[in-house]
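Structural features, examined
Take a look at the letters that make up each chain.
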Amino acid sequence: MKLSKNLSLNEVIKSNTATRLGILNTWTEPWELENMRAVAENIFQPIRDHFGVPIGVSSGYRCKELNKAIGGSKYSQHMVGEAIDIDADIYGKVTNRAIFNFVKNNLEWDQMIWEFGDDLEPNWVHVSYKRKGKNRKQIKRAYRDEKGVHYKVL
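Residues numbered from 1 in each chain as written. Predicted model: local features only at pLDDT ≥ 70, side-chain atom pairs only at ≥ 80, totals over all residues. Heavy atoms only, no water.

1. Re the overall build of the protein chain
The condition is simple: Numbering of helices and strands runs from the N terminus, with a helix taken as a DSSP run of H or I at least four residues long and a strand as a DSSP run of E at least two residues long. Each radius of gyration is computed over the set of C-alpha atoms, and the globule rule expresses the reference value as 2.2 Å times the number of residues to the power 0.38. A 1.4 Å probe rolled over the protein chains alone gives each residue an accessible area, and that area as a share of the maximum for its type sets the label: buried under 20%, exposed over 50%, partly exposed in between.
Along its length, the protein chain carries five helices and eight strands. When the helices and strands of the protein chain are placed in sequence order, the string is β-β-α-α-α-β-α-β-α-β-β-β-β. Computed over the C-alpha atoms, the radius of gyration of the protein chain is 15 Å, within 12% of the 15 Å expected from 2.2 N^0.38 for a compact globule of 154 residues. The C-alpha extent of the protein chain, read off along each of the three principal axes, is 40 × 35 × 35 Å. Relative to its 154 residues, the protein chain shows a buried fraction of 46%.

Structure below.
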């Protein structure tokens, strides 16, 4: 099943961790699938169309069991199908920084996170989108220190 022209449902729910741990990473509510479709159409597809190259998805929908297994936030928008992690390094045709800046300057979005990396390049870009309600356009940066993972609002 396609969620948008260039993004399949399988790409959004695929998880090596889920496979390894025997977790069935699937949604339970129809609105979760509609949220995934909205993210695909309003975030992923405009990025893909703009750059004209394949764009990698490192994480999309996560059931609660998978989210817990990977140490995700208990409030993660991944669990309701509203978030996608994009990693341009998978194909190497465009940079994560270019994707971050394109989304920031051209799309409607709820939250964007410059995930780890350094000042020049994130390791990947987290983007969420709400099909209902207001999109906050909140930008954060994820970083690690000796006490764990933290998020700084920019």
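Picking up after the structure, the text goes on.
2. Re the pattern of salt bridges
Definition in use: One speaks of a salt bridge when a side-chain nitrogen belonging to Lys or Arg is within 4 Å of a carboxyl oxygen belonging to Asp or Glu.
Per the counting criterion, the structure on display carries five salt bridges. A salt bridge links R37 to E34; its shortest N-O distance comes to 3.0 Å. You can see R37 and its partner E34 sitting in helix 3 (residues 30-51), three residues apart, about one turn around the helix. A relative accessible area of 35% places E34 in the partly exposed class. In this structure, K130 and E82 form a salt bridge, with 3.8 Å as the shortest nitrogen-oxygen distance.

3. Describing the packing of aromatic side chains
Note on aromatic pairs: each is described by the distance of the centres and the angle between the planes. As a reminder of what qualifies: Pairing of aromatic side chains requires ring centres within 6.5 Å, counting the rings of Phe and Tyr and the six-membered ring of Trp. Pairs whose planes differ by under 30 degrees are stacked, by over 60 edge-to-face, and all others tilted. Both a distance and an angle decide whether a charge sits over a ring: NZ of Lys or CZ of Arg must be within 6 Å of the ring centre and within 35 degrees of the ring normal.
Applying the stated criterion across every chain yields a total of three aromatic pairs. When the centroid spacing of 5.8 Å and the interplanar angle of 70° are considered together, the rings of F51 and F102 count as edge-to-face. With F51 in helix 3 and F102 in helix 5 (residues 96-106), this residue pair connects regions lying 51 residues apart in the sequence. Note on F102: relative accessible area 10%, which makes it buried. When the ring of F100 is compared with that of W114, the centres are 5.1 Å apart and the planes differ by 80°; the resulting orientation is edge-to-face. Of this pair, F100 sits in helix 5 while W114 sits in strand 5 (residues 111-115), and the two are 14 residues apart along the sequence. It is R144 that lies over the ring of F116; its NZ or CZ is 3.9 Å from the centre.

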